[in-house]
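What follows is each chain in one-letter form.
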Amino acid sequence: MLYYYSYSQPSTYSIISGTYTSIYIMTTLRKRPFRLLALITTVLITAVACNNGDDSTSKDKEHKTGNPKVDALKLPDNFKAERLYSPGDNKQGSWVSMTFDNKGRMIVSDQYGYLYRLQLPAVGEDSSKLKIEKLNIGNDTSTQKVSMGYAQGLLYAFNSLYVMVNHNSDDRFNKGSGLYRLQDTDGDDQFDKITMLKALDGEGEHGPHSIVLAPDGKSIYVIAGNFTKIPEMNNYKVPLSVNIDNVLPFIKDPNGHDNVVNTHGGWIAHIDSTGSNWELISSGYRNPFDLTFNDQGDMFTYDSDMEWDFGTPWYRPTRICQVTSGSEYGWRPGTEKWSPAYPDNLPPLLNIGQGSPTNLIYGGKARFPEKYRKSLFAFDWSFGIIYAIHLQPEGASYKANAEEFLSGSPLPLTDGAIGPDGALYFLTGGRRLESDLYRVYYKDNKDSNEPLAATTPTEGANTRKQLEAYHGGAKPGAVDFAWPYLKNSDRFIRFAARIAVENQPVSQWQNKVLQEKDPETLIQGAIALARQGKEDVKKLLLPQLMTINYGQLSPSQQIDLLRALELVFVRMGKPDPALAGQVAAYLDPQYPAGNNDLNRSLSKVLVYLNAPKAVEKTMALLSTAKDDTAAQKTAMQSSDLILRNPQYGLDIAGMLSKMPPLQQTWYATVLSQAKNGWTPALREQYFQWFYHAFTYKGGHSFIGFINTARQNALANVPKKEFAHFNQLSGDSLVNSGGGLTQGYPQPKGPGRNWKLDEAVKVVDSGLTNRNFEQGKAMFNTVLCSSCHGMRGEGGVAGPDLTQLGTRFSTKDILEAIIDPSKTISDQYAATVFSLKDGGSVLGRLVSQDKDKYIISQNPFAPQEHRELLKKDVAGTKTSTVSVMLPGLINRLNPEELRDLVAYLKSGGNNKDSVFLAPKQLGSK
């Protein structure tokens, strides 16, 4: 890694890969150390810590195993980790799924290849005793083709190996996506019989995933992501629906990610051991990889976020969800995701934050302390964290909190399991990344793993399960039993009661809804009727809903009522103008409301209904709306993730440096469908908002969403005014692809995975007669200018690079870019602060006093500081992995690389001798 500091002293201090090239005396602490070439390396100034008397216990003093991957792991006290095996070292692929068979052997699958079986050494034994074999499936001895593999789910049960293949059939592997059962019919300890239980339409990282044994050991559950169509089932816990159910203007993902996926989202099904009977349990997820059960038999999953939605009001963080019978979690494409506040879906138990969920297991059989045996372990691939999710029964469900149990960087976690020995085993890999098998155990792994005393179910949980017995089809007495619970104070009970009602013939309960006098019961009944009734009922149902005294409802009940009205519109059709006018008049006095959630629902419903004052009122909110920071709280703060993974952290850092206003974005999207109610002044104000919105930083699709909403709104202006509002709203800022116009030409490529020796050879062979303008363009397009200045232009998060070429060689510069983690000086690395509550924080130490550390976590906003109280910090250690983002030059072809290095070495001087004169360049 390469840094340099330039002061008014007659000498400078330089570090190239941690070595001293010349010595300067640092005389001020107001100069900020940063990283080279827009690579997000943060810097810990150890000298600052020393000068301020750092009295924390250094984790660097802990016992080291000698294995750098193990030593880089953060674990709770008294836990130990072992790296047992590396499939990458043995050309066995990148492993993503595991299970244990009835002999205690582990079976694993390469994401793009074979199945393997391992005999593992006991805890304390030498890992060299590990034995591994490639499974010979179906007596296939071919060395060129895969007989069985490509599995993202494995389960050994019923004397069989169940394999969830996630792959479209091709020449190398002729098995398509689906669930397979492998059996050993001749007793030779190899699986010779392959039975496809069900073909599944979906593949890839959002395809079919895990297979889990039911708590009673008599059946199986499977889980799939949102690119997997729900197959025909034998039964459904709730009548199947693929409706989007949203009157918010539908904008598909501008980058095409979820434009062809299924509107029902990810799903979970229950099957028997033969695969003959399938029952849909739950849907509406994005991409949950795994599920698990606690000691109460309650099911949970860890659902993913859509990172491209960062900075939009429809972004949903990764989250822990309880999977109840007939549950729905509201994932829909593009802008149409449901709010967790809507009554027709359930809320998560816990929002974790950004990440890529993979494995989820329950610790009940682990030889761990009781605290962890009652926890869920949730794996995040992107940021290398295993969270311990601690559950506390609350009503019919749970409340939850998260502890950072284990972490590392990089640590791309894929799958895990509690082994027969009570240790936690986990895999890293995926996407053909370097893969490893680890084991984690407590002390000497001698603690008991006998079943813990079962937790007594709460009264609410018992009631919910009684209601769930009426799910899955018509059953006598269901309506009478469930009806009183539609107004229960517990949301999970209300949901279970409504699903029980919806499973019964509508004729049994439609009149009960239309005659109901209790407001909450009426609202929940109306939701059920809107979802299952016929269209002509809306003429009776809407007036009935308007008999409710809106002002006497609680805010959550008001949201429920607004959702009931919305569902009538989308399921039964938009009401005629007269009835629509009555609904608008009923709601208009309630708008605006006192909180953002209510205003979101009111704004979209009233604009949808063409309410006379809807545009005027919504525009007033657009100019003043503030976001609810408390409502966006997650278990892991976004700023804590920036430095854990440079690739994903870069997006987070950019967003936090110029965070889009979520509530304003909602109103702007709602108004994009408004045709009436505009004045010239309101239109001017509205379209000016878009111009400013293009300056915000969000996820990969943020600009596309904003631009599509802008274009939709422009379709509603008079033709003679189109050109004016198109220009006013920022048309010049957007390119033909829907992204922001780049100020510089993009690399033409083709790029390559540049290696140091090759890059040095290429640059040194042609560092004359270079193109200054192209070098400057590459400096900007590969993100150098985002953080670094050159001759007074560019970012301020890193040092000015104007004098770079006078101090460092071509090799020094290229090595710092290509291999940032090769050597990191302990004076110039990020710091890991281990917290006493089990978590950790990564950042650059800015200053400290006797009570607290002051750190900076966002290289795009270095002026934003965070305080850590020393009393909460268990220890600190220097990060052993650079957070500098590698590969930024991999988009460049040789000529572009030469021009970039020439630009850097010239200090941005177009008169430098390495460049052609403008006339020469033109003639060339």
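Residues numbered from 1 in each chain as written. Predicted model: local features only at pLDDT ≥ 70, side-chain atom pairs only at ≥ 80, totals over all residues. Heavy atoms only, no water.

Chemist: Help me understand the sheet that holds strand β6 (residues 106-110), please; the structure alone is not making it clear to me.
Modeler: Paired through their backbone hydrogen bonds, the strands of a sheet run either parallel or antiparallel. Spatially, 4 strands are ordered β5-β6-β7-β8 in an open sheet, and the strand pairing comes out antiparallel. A single partner strand is all that each edge strand has here, and the edge strands are β5 (95-100) and β8 (131-134). Going from strand to strand, the sheet's axes swing by 25° on average, the running direction of each strand aside. Note: strand β7 (residues 115-119) against β8, 4 bridges, orientation antiparallel. Counterpart to Gln119 in the pairing with β8 is Lys131. (Pairing = 2+ DSSP bridges. Helix = DSSP H or I, 4+ residues; strand = E, 2+ residues; numbered from the N terminus. Axes fitted to C-alpha atoms, helices over the stretch in contact; angles between N-to-C directions.)

Chemist: Could you clarify how one ought to interpret the sheet that holds strand β4 (residues 79-85) in this entry?
Modeler: Strand order in the open sheet formed by 4 strands is β4-β29-β28-β27, and the pairing between neighbours is antiparallel. Two strands in the sheet have a free side with no partner beyond their single neighbour: β4 and β27 (413-418). Shown here is a sheet whose adjacent strand axes are inclined to one another by a mean of 25°, direction ignored. Looking at chain direction, β27 and strand β28 (residues 424-428) are connected through 4 bridges and run antiparallel. Across the sheet, residue Ile418 finds its bridge partner in β28, namely Leu424.

Chemist: Explanation requested: helix α22 (residues 810-818) in the structure shown.
Modeler: Along an α-helix, residues three or four apart share an orientation, since each turn contains 3.6 residues. Most of α22 sits inside the fold, with 8 of its 9 residues counted as buried. Within α22, burial applies to Thr810, Asp812, Ile813, Leu814, Glu815, Ala816, Ile817 and Ile818. (Buried < 20%, exposed > 50% of the residue type's maximum accessible area, 1.4 Å probe, protein only.)

Chemist: Which parts of the structure should I look at to understand the pattern of salt bridges?
Modeler: Counted according to the given criterion, the structure contains 40 salt bridges. Where Asp89 meets Arg83, a salt bridge forms, and the shortest distance between an N and an O atom there is 3.5 Å. Judged by its relative accessible area of 57%, Asp89 is exposed. Here Arg83 falls in the partly exposed class, since its relative accessible area comes to 24%. Residue Lys604 pairs with Glu566 through a salt bridge whose shortest N-O separation is 2.7 Å. A residue pair is termed long-range when its members are at least 10 positions apart, and Lys604 in helix α12 (residues 596-608) and Glu566 in helix α10 (residues 555-572) qualify at 38 residues. Glu566 shares its class with Lys604; the two are buried. One salt-bridge network, held together by shared partners, links Asp101, Lys103, Arg105, Arg117, Glu133 and Asp189. (Salt bridge = Lys/Arg side-chain N within 4 Å of Asp/Glu carboxyl O.)

Chemist: I tried to follow the environment of Lys776 on my own but got confused; where do I start?
Modeler: By the element assignment, Lys776 lies in helix α20 (residues 772-781). Separated by 128 residues in the primary sequence, Lys776 and Leu904 place their C-alpha atoms 8.7 Å from one another.

Chemist: Help me understand the pairing of strand β16 (residues 266-271), please; the structure alone is not making it clear to me.
Modeler: Residues in a regular strand point their side chains to alternate faces of the sheet. Where burial is concerned, most of β16 is hidden: 5 out of the 6 residues are buried. Inspection of the sheet shows strand β14 (residues 220-224) paired to β16 by 5 bridges, in the antiparallel sense. Bridging from a neighbouring strand, Ala224 pairs with Trp267 of β16. Between β16 and strand β17 (residues 278-285), which pair antiparallel one after the other, the connecting turn spans 6 residues, and Gly275 there sits at a positive phi close to 75°.

Chemist: Would you mind showing me how to read the packing of helix α8 (residues 519-532) against α10 here?
Modeler: In helix packing, the relevant descriptors are the interaxial angle and the interaxial distance, both defined with respect to the helix axes. Between α8 and α10, whose axes approach to 9 Å, the crossing angle comes to 20°. Classed by the angle they form, the pair α8 and α10 counts as roughly parallel. Once α8 is placed against α10, the crossing between them reads as left-handed. Contact residues: Glu520, Ile523, Gln524, Ala526, Ile527, Leu529, Ala530 and Arg531 in α8; Gln557, Asp560, Leu561, Ala564, Leu567, Val568, Arg571 and Met572 in α10. Its residues assigned to classes, the contact of α8 with α10 shows 10 nonpolar, 2 polar and 4 charged. (Parallel < 35°, antiparallel > 145°, perpendicular 65-115°, else oblique. Left-handed = near helix turned anticlockwise from the far one by under 90°. Contact = heavy atoms within 4.5 Å. Nonpolar A, V, L, I, M, F, W, Y, C, P; charged D, E, K, R; others polar.)

Chemist: Mind showing me how you'd approach the nonpolar core here?
Modeler: Grouped burial of nonpolar side chains is what soluble globular proteins tend to show. Core analysis: the largest hydrophobic core is formed by 142 residues, its most contacted members being Ile389, Leu545, Leu587 and Tyr686. No other element matches the 9 residues that α10 contributes to this core. Not counting the four nearest positions on each side in its chain, Ile389 is found in contact with Ile320, Leu350, Ile352, Ser375, Leu376, Ala378, Ala400, Asn401 and Ala402. Core analysis: the second largest hydrophobic core is formed by 35 residues, Tyr116, Leu118, Leu130 and Met148 among them. (Core = buried A, V, L, I, M, F, W, Y, C linked by side-chain atoms within 4.5 Å.)

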